[in-house]
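As a plain string of letters, each chain reads:
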Amino acid sequence: RKPKKFCDWYRVVIQEAFSVVFIPVTSEAIEDTSTTVAYKISYLDKPDELQHNLVLEVRPGLGVKQEHWLTSLLWTTIQKWLKDEIIGSASSLRLVDLEKYCSEYERLKNKYAGDLVANWSETSDPEKSVHEDIGIAAYLSCLWGEQKVSFVDLGCGNGLLVFLLNSEGHKGRGLDLRRRKIWSTFPEDIQACLLEQAIVPSLDTSFPGVQWILGNHSDELTPW
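Residues numbered from 1 in each chain as written. Predicted model: local features only at pLDDT ≥ 70, side-chain atom pairs only at ≥ 80, totals over all residues. Heavy atoms only, no water.

> Whenever I open this one, the sheet that holds strand 5 (residues 150–154) confuses me. Can you help?
Hydrogen bonds along the backbone pair up the strands of a sheet, which may run parallel or antiparallel. Spatial strand order, 7-6-5-8: four strands in an open sheet with parallel pairing. At either end of the open sheet lies a strand with only one pairing partner, and these are strand 7 (194–196) and strand 8 (212–214). Going from strand to strand, the sheet's axes swing by 20° on average, the running direction of each strand aside. Here three bridges tie strand 6 (residues 171–176) to strand 7, and the two strands are oriented parallel to one another. Paired with Gly174 across the bridge in strand 7 is Leu194. (Pairing = 2+ DSSP bridges. Helix = DSSP H or I, 4+ residues; strand = E, 2+ residues; numbered from the N terminus. Axes fitted to C-alpha atoms, helices over the stretch in contact; angles between N-to-C directions.)

Spelled out as structure tokens, the structure:
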């Protein structure tokens, strides 16, 4: 949206046993080269008394804004994640293996994210919307395992979750009060699964033949 401020760039990611190097790569010549400075995050298995378990290394030339983002936002967030604990035995995070989830998320991201972001036709941020629904699809994929299930997504919005799950072999449809422009960009068999209609909840409301009722955006549903 602001091409002069945010140039077209990518990151080369080099993964090693206990470290990750991020190298920004731009496809254009830019005046502010501080946005293309590489940085490295390392994990120390046995840190000494003066070091933390994680170490952040940045090459010279980093700009003020980029330094603030790395040290005050990214770094503090990572440190917070490391201290987080799963609380409560009924937590849904305990229902799937974390390593398996990360692997499945990476697989789905590599398979679908590029085309979905490139052909985005909504006003919302494609990076957020696409990767958020890929994360949900990866979680459900781990939860369901090898079985293929039937589902209905109430308040499906952009229909991405319906697209992803059906593309992975599951059978389901999405219902929403308003049709989205992006629906028309999906294959015809997926478009047929996205329905513009209202649902009036009652004791008689049911979805015969459906194994799972999904509420990706249940907080936005109107219960009357």
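The discussion continues.
> Hey, could you run me through the confidence of the model for the chain in this one?
In regions of low pLDDT, the predicted coordinates are not meant to be interpreted in detail. On average, residues of the chain score 83 in pLDDT, and 80% of them reach the 70 mark or higher. When pLDDT is averaged over each helix and strand of the chain, the minimum, 78, is found for strand 1 (residues 9–15) and the maximum, 97, for helix 4 (residues 160–167). (pLDDT = per-residue confidence, 0-100.)

> Would you take a moment to explain the packing of aromatic side chains for this structure?
Two aromatic rings, taken as a pair, are described by how far apart their centres are and by the angle between their planes. As enumerated under the stated definition, the model contains six aromatic pairs in all. On the basis of an interplanar angle of 25° and a centroid distance of 5.1 Å, the ring pair of Phe22 and Tyr39 is categorised as stacked. Note that Phe22 is positioned in strand 2 (residues 19–26) and Tyr39 in strand 3 (residues 39–43), a separation of 17 residues in sequence. Here Tyr39 falls in the buried class, since its relative accessible area comes to 6%. The rings of Tyr112, Phe163 and Phe186 are connected pair by pair, giving a single aromatic cluster. (Phe/Tyr/Trp six-rings, centres within 6.5 Å; stacked < 30°, edge-to-face > 60°. Buried < 20%, exposed > 50% of the residue type's maximum accessible area, 1.4 Å probe, protein only.)

> Would you mind going over the environment of Ala192 with me for this structure?
By secondary structure assignment, the location of Ala192 is in the loop between helix 5 (188–191) and strand 7. Under the relative-accessibility criterion, Ala192 is labelled exposed at 58%.

> Any chance you could explain the side chain of Asp133 here in plain terms?
Relative to the helices and strands, Asp133 is located in helix 3 (residues 126–144). Although Asp133 is buried, it makes no salt bridge; Lys128 carries the closest opposite charge, 8.1 Å away. Here Asp133 is in contact with Asn158, Leu160, Leu161, Leu164 and Asn216, once residues within four sequence places are set aside. (Lys, Arg positive; Asp, Glu negative; His and termini not counted. Salt bridge = Lys/Arg side-chain N within 4 Å of Asp/Glu carboxyl O. Contact = heavy atoms within 4.5 Å.)

> So what exactly am I meant to see when it comes to the environment of Pro126 here?
Among the secondary structure elements, Pro126 is positioned in helix 3. As a C-alpha pair, Pro126 and Ala113 span 13 residues in sequence and 9.4 Å in three-dimensional space. Those residues in contact with Pro126 that lie beyond four places of it in its chain are Val117, Trp120 and His131.

> Explain the pattern of salt bridges here, please?
Two side chains bearing opposite charge may form a pair once their charged atoms approach each other closely. Counted by the stated rule, this structure contains six salt bridges. Taken together, the salt bridges that share partners define one network made up of Glu104, Arg107, Lys111 and Glu168.

> Just checking my understanding: could you explain the packing of helix 2 (residues 98–118) against helix 3 for this structure?
The relative placement of two packed helices comes down to the angle between their axes together with the axis-to-axis distance. Between helix 2 and helix 3, the shortest axis-to-axis distance is 8 Å and the interhelical angle comes to 140°. Compared by their axis directions, helix 2 and helix 3 come out oblique. Once helix 2 is placed against helix 3, the crossing between them reads as right-handed. Seen from helix 2, the contacting residues are Lys100, Tyr101, Glu104, Tyr105, Leu108, Lys109, Ala113, Leu116 and Val117; seen from helix 3, they are Pro126, Glu127, Val130, His131, Ile134, Gly135, Ala137, Ala138, Tyr139, Ser141 and Cys142. Of the residues assigned to the contact of helix 2 with helix 3, the class counts are 13 nonpolar, three polar and four charged. (Parallel < 35°, antiparallel > 145°, perpendicular 65-115°, else oblique. Left-handed = near helix turned anticlockwise from the far one by under 90°. Nonpolar A, V, L, I, M, F, W, Y, C, P; charged D, E, K, R; others polar.)

> What am I meant to see in the pairing of strand 6 here?
Bridge count between strand 5 and strand 6: five bridges; the pairing is parallel. Its bridge partner being in strand 6, Leu154 is matched across the sheet by Leu175. Crossover handedness for the path strand 5 to helix 4 to strand 6: right-handed. (Right-handed = clockwise from strand over helix to strand, strands pointing away.)

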